[in-house]
Amino acid sequence: MASLKFSVSLESKNPNFAIGSSQLLGQRSISAFTGGYVHITGVYLINPFSNLNRIRVSRADTAVSDDSCSNEVDSSFDCSTKEMGIAGLVLGKGLGFGRKFSKGRRNVWQRVRGVKRVRKDVYFKSTCRENGSDYSKEQQSKPIVVDEQSISGVDVDKVGALSTERCNSILKNLERTNDDSKALKFFEWMRRKGKLKQNVAAYNLALRVVGRARDWDLAEKMILEMTSESGCELNFQVFNTLIYACSKQRRVGLGAKWFRMMLENGVRPNEATFGMLMSLCQKSRNVEEGEFTFSQMRNFGVRCQSAYSSMLTIYTRLDLYDKAEKVISFLREDEVVLNRENWLVLINAYCQQGKLEEAELVLLSMQKAGFSPNIVVYNMLITGYGKVSKMEDAHRLFHNLRAIQIEPDETTYRSMIEGWGRANNYKEAQWYYKELKQEGFRPNSSNMYTMINLQAKNGDEGGTLTTLEDMITMGCQYSSMLGILLQAYERFERFDKVPQVLRGSFYEHVLCDQTSCSILAEAYVKHSLVDDAVKILQNKKWKDRDFEDNLYHLLICSCKDMGHFENAIKIYTHMPKSDEKLNLHIICTMIDIYSIMKRFTEAENIYLNLKSSGIALDLITFSVVVRMYIKAGNLKGACLVLETIDKQKNIVPDIYLICDMLRLYQKCGMLDNLRDLYYKLLRSEITWDQEMYKMVINCCARALPIDELSRLFDEMLDRGFDPDTVTFNIVLHVYGRSKLFQKARKVLWMARKRGVVDVISYNTLIAVYGQHKYLGNMASIAKKMQFDGFSVSLHAYNSMLDAYGKEGEMEKFRSVLQRLRESGCAADQYTYNIMINIYGEQGWIEEVAEVLMELKESGIGLDLCSYNTLIKAYGIAGMVEDALGLVKEMRKNGIEPDTRTYSSVLTALQRNDMFFEAVKWSLWMKQMGLSPNVSG
């Protein structure tokens, strides 16, 4: 709510004669709220020195006129308002409002109406006679405008003879003309001439100019100068001038600064101070400053009605209802006489909290206090009942309006529509919607949003079409209308009805507008209405190839993200065919989709067509194709693509493609390629993170020299990265294989400390100790494995069996075998092969036969390694015929003998002095291109 004070300053014979706003007759204030806070204010002004000719001054038609001499923002401030005029009404003795002013003066009513008038320059003239007499009374009564020449020193002696009051009058006129530079120059001249001593009025005028210019540093210097040099006593008017300037500019921080300076200088604020500050805090919703100012007001014992309203409004808007209740209690505790604004704010606060019974009690108290309710009050109550879905009470209030001679307005009908909408009562909402239009009012966007939601929920597609037509009539944007419609039908899971609603001019606009077309197509795809989406794209009436490609790509990606791969293929196949440049983004997405569906033939065909088109492929396309071949298991094809990339000098693999290359070369055993890629990676500018270290170590462990791998692993640890279990196990294996057992044990200790050790860690170390015949260490690790809570695995048992057997420690071999059987672990193919090999080496053919029988009974059967080991055992036992029979058995069982098979047969023949047969086997092997490897 705002208050207006209109001020006029006229020269008169008695310049000290003034009438403040408190002396005006017939003053009153009218407040009205619409939907929240709408304030209309006015003042009746009466001229007591002429015929009583009452006029109406309204903020809508006038600008605030200021009087800065003494009462800029004084105690006459009407605290029922939130914005202040800065002066009272000052009238010259015997002057009437309708009277013409003397030449050179400005018509005050032209100023009120905002009419600009070219004013004649009135130069400063000295009428001093040669004998040094003073100015004549007639000349003193004329307004004076001092131009730059006068200020700069022309006839300085005579100018210096001006009194302080006359200087203030000149400064006042300069300030009113909004010529800030001249006003400040004249103010500086007054300082040089000593006219500022104890001259608070001049400083107020200057501060008004400075505040308007937003030169806050200069304002602060002026305040300091007032007390330190000019001997002025600071009062509330000085600071109110600056606070008012901050209020007009909504500078809450600066307003708070001047208020704190005011308190620091011991100046007592008045009602105007708190009114402006609280209004400023309300506009900016600054709770902290509002609370501080409000507490200071109560500490000073000031009762500013608008301040209470502002504090209550701030809390209500920010849903701080508990604090709002405290402000209400302060109103009672401080015995504040409530004005209309206070009553309305109280009712609104209770309505916002849903305390409608309390709000109606406040309404009764308001009526008892002599304030008649208006439609705004009832709108608040109806809106409040609607928010808590108590529409019976809202209905009661609505139908009682005409009984108390109040007509419902636009807001009333809108609130009833919203309330019935929240209550999901389509019938009532529809009735009020029709009544709203019949009364000549227009529904707002919220009403139409409510109606479309209700119509979508209740299956009234005809009503939806009517609402859409209303929205078109009101000039709503088509894209917004479409969004509301789609959201409503999606919410109530009736999206399949959208194609029935979209027709006519609305549908035609969708086809003509790119944005609307894309919104609708995306929505259709989201709800699996792909045929409708394709129809939209085929019937569209706009042409923009780039936009269209991007839209198709977006739709295909949406299908991919939802897992609707067949829909993505359907959209792709319905794309318009063109000889123009293919869209690589769409191509890559489709290759990826076909790869996910394991339809690698179609994916490869797209790549081959793209390759034959002559279009230069980019990094992303190559990466997608490489991944497609890897998923298909076509590692050779992936390697060929990488060779093509290597020939493209303008393509530099990114970190994702490098990871794919590392995995691919590792799977293919291409150690040289791994080594070359590793050193290229070292020279590149790619930043190594934890995942990159793990990837390189895991893939390149076999390809790198042991020193380089050790350096890389140590570097990873030094940079604070944590290896995972796989990385630890790989490093363990490399160190063990290279007989760096001290480092291997250290790695195992680190893995145990970090909690990432697993069974494979122990298996790896047991195996490498066994392979290098460190049997004591092998047994020790096995015991530590059990101590750490891990059961000895079959892999560990196999490693110990092989190690003990090859070293001829048969007692320990039998002990491990017994523990294996007692542990409940079922022997695997590798276990049986080890047993056959060890027993065969010892020449224990009976034990070999037992193992062979057990192997066959287990259902595992013999593999290539089993046959080779058994041939070797038979050869050692002198059973050459049986060894040769195994070769025939292998072929019969579909197992093709390898070089080791034939070498074992040749060794068996030589061991048993069958040299002629051995020569025949050797010659046959050479003819077959097999290199015999004969051992004794």
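Cut-off values and rules
Residues numbered from 1 in each chain as written. Predicted model: local features only at pLDDT ≥ 70, side-chain atom pairs only at ≥ 80, totals over all residues. Heavy atoms only, no water. Helix = DSSP H or I, 4+ residues; strand = E, 2+ residues; numbered from the N terminus. Buried < 20%, exposed > 50% of the residue type's maximum accessible area, 1.4 Å probe, protein only. Contact = heavy atoms within 4.5 Å. Areas by Shrake-Rupley, 256 points an atom, 1.4 Å probe, with all protein chains shown as cover. Expected span 1.5 Å × (residues − 1). Disulfide = S-S within 2.5 Å. Core = buried A, V, L, I, M, F, W, Y, C linked by side-chain atoms within 4.5 Å. Phe/Tyr/Trp six-rings, centres within 6.5 Å; stacked < 30°, edge-to-face > 60°. Axes fitted to C-alpha atoms, helices over the stretch in contact; angles between N-to-C directions. Parallel < 35°, antiparallel > 145°, perpendicular 65-115°, else oblique. Left-handed = near helix turned anticlockwise from the far one by under 90°. Nonpolar A, V, L, I, M, F, W, Y, C, P; charged D, E, K, R; others polar. pLDDT = per-residue confidence, 0-100. Salt bridge = Lys/Arg side-chain N within 4 Å of Asp/Glu carboxyl O. Polar contact = N/O pair within 3.5 Å; in protein donor to acceptor, adjacent residues only side chain to side chain.

Enquirer: Quick question: what am I supposed to make of the overall build of the chain here?
Expert: Scanning the chain from terminus to terminus reveals 49 helices and 2 strands. Out of the 936 residues in the chain, the part that is buried amounts to 48%. Relative to all contacts within the chain whose residues are 6 or more apart in sequence, the contacts with residues 24 or more apart total 63%. Here the chain displays about 46800 Å² of accessible surface, and carbon together with sulfur accounts for 49% of that area.

Enquirer: Got a minute to help me understand helix α21 (residues 445-458) in this structure?
Expert: Since one α-helical turn is 3.6 residues long, residues separated by three or four positions face the same way. Given a rise of 1.5 Å per residue, 14 residues ought to cover 20 Å, and the 20 Å separating the end C-alpha atoms of α21 matches this to within 8%. Every buried residue belonging to α21 is among Asn-447, Met-448, Thr-450, Met-451, Ile-452, Asn-453, Leu-454, Gln-455 and Ala-456, and all of these are buried. Gly-459 sits one or two residues past α21 and shows a positive phi near 70 degrees.

Enquirer: Looking at this model, I keep getting lost on the state of the cysteines. Mind explaining?
Expert: By definition, a disulfide links the sulfur atoms of two cysteines through a covalent bond. By the definition in use, this model includes 0 disulfides. Its sulfur unpaired, Cys-668 is 4.1 Å from the next cysteine sulfur, which belongs to Cys-639.

Enquirer: Is there a simple way to explain the nonpolar core in this structure?
Expert: Nonpolar side chains tend to gather and get buried jointly when the protein is soluble and globular. Among the nonpolar cores identified, the biggest contains 262 residues, and Trp-258 and Ile-347 are the most heavily contacted of them. Contacts of Trp-258, omitting those with residues within four sequence positions, involve Trp-216, Ala-219, Glu-220, Ile-223, Phe-239, Leu-242, Ile-243 and Cys-246.

Enquirer: Just to check I follow, could you spell out helix α46 (residues 864-876) for this structure?
Expert: Its 13 residues place the ends of α46 19 Å apart at the C-alpha level, agreeing with the 18 Å of an ideal helix rising 1.5 Å per residue. For α46, the elements touching its buried residues are α44 (829-842), α45 (845-857), α47 (880-892) and α48 (899-911). Two residues or fewer past α46, Gly-878 is found with a positive phi of approximately 80 degrees.

Enquirer: How should the packing of aromatic side chains be read in this particular structure?
Expert: Centre distance and the angle of the planes are the two values used to describe a pair of aromatic rings. In this structure the tally under the stated criterion is 26 aromatic pairs. Ring geometry for Phe-186 versus Trp-189: centroids 5.3 Å apart, planes at 20 degrees, classification stacked. Linking Phe-186 with Trp-189, this pair stays in helix α6 (residues 180-192), spanning 3 residues, or about one helical turn. The burial state of Phe-186 is the same as that of Trp-189; both residues are buried. Seen from their ring centres, Phe-294 and Tyr-308 are 5.2 Å apart, and the 90 degrees between their planes marks the pair as edge-to-face.

Enquirer: What am I meant to see in the environment of Leu-537 here?
Expert: Inspection of the secondary structure puts Leu-537 in helix α27 (residues 530-539). By relative accessible area, which is 5% here, Leu-537 ends up buried. Sequence separation between Leu-537 and His-574 is 37 residues; the distance between their C-alpha atoms is 9.3 Å. Contact partners of Leu-537, with chain neighbours within four places excluded, come to Leu-551, Tyr-552 and Leu-555.

Enquirer: What should I look at first to understand the packing of helix α41 (residues 775-787) against helix α42 (residues 794-806) in this one?
Expert: Each packed pair of helices is defined by two parameters, the angle between the axes and the distance between the axes. Relative to each other, α41 and α42 sit at 160 degrees, their axes nearing to 11 Å. Put simply, α41 runs roughly antiparallel to α42. Helix-helix and strand crossings are classified by hand; for α41 and α42 the assignment is left-handed. For the pair α41 and α42, the contacting residues are Leu-775, Met-778, Ala-779 and Ala-782 in the first and Ser-799, Met-800, Ala-803 and Tyr-804 in the second. Residues belonging to the contact of α41 with α42 are distributed by class as follows: 7 nonpolar, 1 polar and no charged.

Enquirer: Can you help me understand the confidence of the model for the chain in this one?
Expert: A low pLDDT means the predicted coordinates there should not be read in detail. With 81% of its residues at a pLDDT of 70 or more, the chain shows a mean pLDDT of 80. Long-range and interchain partners of residues 152-157, a stretch whose pLDDT sits below 50, account for 4 contacts in this model, where long-range means more than four residues apart.

Enquirer: Can you help me understand the pattern of salt bridges in this one?
Expert: Pairing is possible between side chains of opposite charge, provided their charged atoms come close. In this structure the tally under the stated criterion is 42 salt bridges. Of the charged contacts in the structure, one is a salt bridge between Arg-494 and Glu-461, with a shortest N-O distance of 2.9 Å. You can see Arg-494 sitting in the loop between α23 (478-491) and α24 (498-501) and its partner Glu-461 sitting in helix α22 (residues 461-473), a full 33 residues away along the chain. Each member of the pair, Arg-494 as well as Glu-461, carries the same accessibility label: buried. Among the charged side chains, a network of salt bridges with common partners joins Glu-175, Asp-180, Arg-208 and Arg-212.

Enquirer: Is there a simple way to explain the environment of Thr-273 in this structure?
Expert: If you trace the backbone, Thr-273 turns up in helix α11 (residues 271-284). The buried category is assigned to Thr-273, whose relative accessible area is 0%. On a C-alpha basis, the gap between Thr-273 and Gln-237 in space is 8.9 Å, while along the polypeptide they are 36 residues apart. Contact partners of Thr-273, with chain neighbours within four places excluded, come to Asn-240, Ile-243, Phe-259 and Met-262. Side-chain polar atoms of Thr-273 contact the side chain of Asn-240, separated by 2.6 Å. A polar contact of 2.8 Å, which involves the side chain of Thr-273, links it to the side chain of Asn-270.

Enquirer: Got a minute to help me understand the environment of Arg-491 in this structure?
Expert: One can find Arg-491 in helix α23. On the basis of relative accessibility, which here comes to 45%, the residue Arg-491 falls in the partly exposed class. Each C-alpha atom of the pair Arg-491 and Ala-456 lies 8.9 Å from the other, and the pair is 35 residues apart in sequence. Once you skip the residues sitting within four places of it in the chain, Arg-491 turns out to touch Tyr-449 and Asn-453. Looking at Arg-491, its side chain comes within polar contact range of the side chain of Tyr-449, at 2.9 Å.

Enquirer: Explain the packing of helix α9 (residues 236-249) against α11 to me, please; I cannot follow it from the model alone.
Expert: It is at 10 Å that the axes of α9 and α11 come closest, and there the two elements cross at 20 degrees. Judged by the angle between their axes, α9 and α11 are roughly parallel. Helix-helix and strand crossings are classified by hand; for α9 and α11 the assignment is left-handed. Packed against α9, whose contacting residues are Asn-240, Ile-243, Tyr-244, Cys-246 and Ser-247, the element α11 presents Ala-272, Thr-273, Met-276, Leu-277, Leu-280 and Lys-283 at the interface.

Enquirer: Would you take a moment to explain the side chain of Glu-289 for this structure?
Expert: Within the element layout of this structure, Glu-289 appears in helix α12 (residues 287-299). By relative accessible area, Glu-289 is classed as buried at 18%. A polar side-chain atom of Glu-289 sits 2.9 Å from a polar atom in the side chain of Arg-260. Every residue in contact with Glu-289, bar those within four places of it in the chain, is listed here: Ala-256, Arg-260 and Cys-281.

Enquirer: Please clarify how unusual backbone geometry should be interpreted in this entry.
Expert: Glycine aside, a negative phi is what most residues show, and trans is what most peptide bonds show. Phi at Gln-198 is positive, roughly 50 degrees, even though this residue is not glycine. Its location among the elements puts Gln-198 in the loop between α6 and α7 (200-213). Here Lys-598, not a glycine, exhibits a phi torsion of approximately 60 degrees, which is positive. With respect to the helices and strands, the residue Lys-598 is situated in the loop between α30 (584-596) and α31 (600-612). Relative accessible area serves as the criterion here: at 63%, Lys-598 is assigned to the exposed category.

Enquirer: Can you walk me through the side chain of Asn-240 in this structure?
Expert: Within the secondary structure layout, Asn-240 lies in helix α9. Residue Asn-240 is classed as buried on the basis of its relative accessible area of 0%. Among the polar contacts made by the side chain of Asn-240, one reaches the side chain of Asn-270 at a distance of 3.0 Å.

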